[in-house]
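Fold and geometry: a report
Spelled out from the first residue to the last, the chains are:
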Amino acid sequence: MLADPRSHGLWECTAPAAPATTALSGQVTTRVAIVGAGYTGLSAALNLAAAGIEAVVLDGAEVGFGGSGRNVGLVNAGMWVMPDDLPGTLGEPYGERLLSLLGNAPAEVFDLIDRHAIACEAERTGTLHCADDEKGVRELRERARQWQARGVAVRLLDGAETCRMTGSVAYRAALLDPRAGTIQPLAYARGLAAAAIAAGARVFTRSPVIGCMQSGARYQLDLPGGQVLADQVIVASNAYGTGPWTTLAQELMPLPYFNCATPPLPDAVRRTILSGRQGAWDTRRILRSFRMDQAGRLVFGSIGALSGAGLGVHRDWARRSVTRMFPQIGPVRFESEWFGTIGMTADSLPRFHRLAPGIVAICGYNGRGIAPGTVFGRVLADVVRGVTDDAALPLPVTDVRPPGFRRARQIFYETGACLAHAAGERVKTRG
């Protein structure tokens, strides 16, 4: 059955049920209020509760409603930025700290999954970054060199091995990163919520924060059904933020990303596509991502919103692309489709903010929310606990600065993706 494109699509259909939550009613007092029930907020709540600190999570919709429940499910190490460029962009010592944190982030995700027995189709078999032209090959070769110089066992595959591992002749090379893997992303978010609740955190859904003010020594967060009084606040809403911290949303350029999923493929076909169970994406300027779920569905995605005129354009392009990449499938049919929003920053790196004394936020994962969101949730928990001070952070404390020409760039990317998919051409989506 075709899912509503506004829903989580396949992930909603196949994830275990979310833990029971209710909307907040009345007044609640807590040590830390966390706004956003995605990876960052839930990871922060889990770490705080495990340390014996009261934490209340508030979400305007449901657990994992935003990007945490809509992404393709790749648990990647690092960011888009080349490893050697990070120290120059962030300065010392932040660049190397961030590389270390994010390089080890997938291991932390899979450790949490094991420790809390989260049923989320975890596959720790690496990911494949695929090059479709010589420029892409050069990019991957340099990326491999930089990671290998830091002792990371990434491996550059030639065209023949790439074809064997992906099941497609579309690519000339691929970078295999064994640190990475795939998960069912909504199931992981729900598992984090269940673990946080079991540790003592309280999670309220359908509870949007509509106001925040100082109330004595505490902050008062106003909601339709009541208030939360908190000593400290973590804002972890990223691209889906609303309410009193709209400046955070203005700092990010929202970029839509869609996914489509086939029905489970026959075993003979399934064994020819990503036989090593890696997830993959490519170096195309309008990038494509693809992976298999445990039932043998091919999940395929790219830039664009499945709404309005874009719905038919992107769906038809995805069907043509899958047909060209994997002709062994035969006629391509999608049983589920959905889309969400990526929060992009001008330099493709996340931001750490102190919005007021006792109010902290991290945002801007640039399409890599699973591993960074998980580890930054822990970092934020350590910050509000007083375990980590600003001097030891992996990111500098910065002011909120909206990117220049934000709306113009957003329109350019959305329109460019639509035109490119309609014409089968490529335009630049990063930079």
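Coordinates for the structure precede this section.
One structure accompanies this document, and this report is about it. In this text the structure is predicted, and so the values were computed from the model without any measurement.

For the pair helix α2 (residues 39-50) and helix α8 (residues 185-199), interaxial distance at closest approach is 8 Å and the crossing angle is 25 degrees. What the angle tells us is that α2 and α8 run roughly parallel. You can see that α2 and α8 cross each other, and the crossing is left-handed. Side by side, α2 and α8 meet where Y39, L42, A45, L46, A49 and A50 of the first sit next to P185, Y188, A189, L192, A193, A195, A196 and A199 of the second.

A few words on the state of the cysteines. All chains considered together, the criterion is met by zero disulfides. The structure places no disulfide on C363, whose sulfur is separated from the nearest cysteine sulfur, that of C212, by 16 Å. A residue is classified by how much of its surface remains accessible, and C363, at 2% relative accessible area, is buried.

As a further point, take empty space enclosed by the protein. If a probe the size of a water molecule is rolled over the atoms, the empty space left behind becomes visible. Within the structure shown, the criterion is met by one cavity of 30 Å³ or more. Size it by volume and the largest cavity reaches roughly 160 Å³. Along the walls of the largest cavity sit 15 residues, with A77, R143, D177, W281 and R368 positioned nearest its centre. Of all the secondary-structure elements, those providing two or more residues to the lining of the largest cavity are β4 (127-131), α6 (134-149) and β6 (173-177). Split into classes, the residues belonging to the lining of the largest cavity amount to eight nonpolar, three polar and four charged.

Right, let's get into the packing of aromatic side chains. Counted according to the given criterion, the structure contains eight aromatic pairs. Where F65 meets Y240, the ring centres are 6.4 Å apart and the plane angle is 80 degrees; that geometry is what we call edge-to-face. Here F65, found in the loop between β2 (55-58) and β3 (74-75), pairs with Y240, found in the loop between β11 (226-235) and α9 (246-251); they are 175 residues apart in sequence, far enough to count as distant. Using a relative accessible area of 34% as the deciding quantity, one classes F65 as partly exposed. A residue is classified by how much of its surface remains accessible, and Y240, at 29% relative accessible area, is partly exposed. When the centroid spacing of 6.2 Å and the interplanar angle of 10 degrees are considered together, the rings of Y365 and F376 count as stacked. Taken together, the residues Y365 in the loop between β18 (359-363) and α12 (370-385) and F376 in helix α12 connect sequence positions eleven residues apart. According to the relative accessible area criterion, F376 is buried, its value standing at 0%.

Calculation rules
Residues numbered from 1 in each chain as written. Predicted model: local features only at pLDDT ≥ 70, side-chain atom pairs only at ≥ 80, totals over all residues. Heavy atoms only, no water. Axes fitted to C-alpha atoms, helices over the stretch in contact; angles between N-to-C directions. Helix = DSSP H or I, 4+ residues; strand = E, 2+ residues; numbered from the N terminus. Parallel < 35°, antiparallel > 145°, perpendicular 65-115°, else oblique. Left-handed = near helix turned anticlockwise from the far one by under 90°. Contact = heavy atoms within 4.5 Å. Disulfide = S-S within 2.5 Å. Buried < 20%, exposed > 50% of the residue type's maximum accessible area, 1.4 Å probe, protein only. 1 Å grid on protein atoms, 1.4 Å probe; cavity = no way out; pocket = protein on both sides within 12 Å on 5 of 7 lines; lining within 4 Å. Points joined across faces, edges and corners; volume = space filled by probe spheres on them. Nonpolar A, V, L, I, M, F, W, Y, C, P; charged D, E, K, R; others polar. Phe/Tyr/Trp six-rings, centres within 6.5 Å; stacked < 30°, edge-to-face > 60°.

Nothing here speaks to function; it is geometry throughout.
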